[in-house]
Amino acid sequence: MRKYFLLSAAALMISGIAQASEGTFNASVSIKEATQLECDRDLNFGTLVVVNKDLENFTSGILIVDEYNDVTLSVTSGTATHQGTAHNATCLLSSGYETFNINNVILDYDSQAWSGIDMILTPVIDSANDELAITGKLQFSDIAAGDYTTTVNVFILEE
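Starting afresh in each chain, residues are numbered from 1 along the sequence in its written order. Note on the predicted model: pLDDT of at least 70 is required for a residue's local features to be given, and 80 or more for side-chain atom pairs to be given and counted; whole-chain, interface and lining totals, by contrast, use all residues. Values shown for side chains rest on all heavy atoms present in the structure; no hydrogens or waters enter the calculation.

(A) Here's a closer look at unusual backbone geometry. With a phi angle near 65 degrees, Asn 69 is a residue other than glycine that sits in the positive phi range. By the criteria applied, helices consist of DSSP H or I runs no shorter than four residues and strands consist of E runs no shorter than two, each listed in order from the N terminus. Position of Asn 69 relative to the elements: it lies in the loop between strand 4 (60-65) and strand 5 (71-75). To sort residues, take the accessible area from a 1.4 Å probe on protein chains only and compare it with the maximum for the residue type: under 20% means buried, over 50% means exposed, and anything in between is partly exposed. On the accessibility criterion, Asn 69 (28% relative accessible area) is partly exposed.

(B) Spatial organisation of the sheet that holds strand 1 (residues 34-36). On the basis of which strands lie adjacent, the open sheet formed by 3 strands has the order 1-11-8 and antiparallel pairing. Here the strands that pair on one side only, and so sit at the sheet edges, are strand 1 and strand 8 (105-108). Strand-to-strand twist in this sheet, taken as the mean axis angle between neighbours without regard to direction, amounts to 30 degrees. Pairing geometry for strand 8 and strand 11 (residues 153-157), over 4 bridges, is antiparallel. The residue bridging Asp 108 from the neighbouring strand is Asn 153, located in strand 11. One bridge is not enough; two strands pair if DSSP finds at least two bridges between them. Helix axes use the C-alpha atoms of the stretch in contact, all axes being lines fitted to C-alpha atoms, and the angles between their N-to-C directions lie in the range 0 to 180 degrees.

(C) Just the confidence of the model for the chain, in detail. pLDDT expresses how confident the predictor is about each individual residue, on a scale running from 0 to 100. The share of residues in the chain with pLDDT of 70 or more is 79%, and the mean pLDDT across the chain is 81. Mean pLDDT across the elements of the chain ranges from a minimum in helix 1 (residues 2-15), with 54, to a maximum in strand 8, with 92.

(D) Inspection of the nonpolar core at higher detail. Here the nonpolar core consists of buried residues drawn from Ala, Val, Leu, Ile, Met, Phe, Trp, Tyr and Cys, with membership extended through side-chain atoms lying within 4.5 Å. Counting 23 residues, the largest nonpolar core has Leu 37, Val 105, Leu 132, Leu 138 and Val 154 as its most contacted members. In terms of residues, this core owes the most to one element, strand 10 (residues 131-141), which gives 4 residues. Any two residues whose heavy atoms approach within 4.5 Å are treated as being in contact. Setting aside its immediate chain neighbours within four residues, Val 154 contacts Thr 35, Gln 36, Leu 37, Cys 39, Cys 91, Val 105, Ile 106, Leu 107 and Leu 132.

(E) The arrangement of the pairing of strand 7 (residues 89-92) in detail. Bridge count for strand 2 (residues 39-41) against strand 7 is 2 bridges, and the pairing is antiparallel. Across the sheet, residue Cys 39 finds its bridge partner in strand 7, namely Cys 91. The pairing of strand 7 with strand 10 spans 4 bridges and is classified as antiparallel. For Ala 89, the partnering residue across the bridge sits in strand 10 and is Ile 134.

So this is what it looks like as structure tokens:
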């Protein structure tokens, strides 16, 4: 009798352990082709000059190069100035890209490649020259003196 009691108790424990729920979902992907553009001029922010005594206390600022190659420097604290020539990057638009959607431009780069500097790039169509201009904005804080370079790949999605 005790044997049957233990078997029935074990059967009740096994049947009451857990109830599992079942779930499903769909996974999907869309694949599009893109063409890499040939670029004939690099983006150059020029030279940011920070007064030596302010470098350690230099908290933050913004440096912008727009589509007209104009430079805007805004510093929240410390003393800094801009020197040298600055210009946006340009990429040649081959035949067939005269009327493309700017939202189809992909800029592949590491926006935080430089310690203390965030880089934000924006594509702008220069239809007068059949070019794609790439403008830039640097947001910086706690920067160190030095030369900074990174690679940017430019693609256009095929429609």
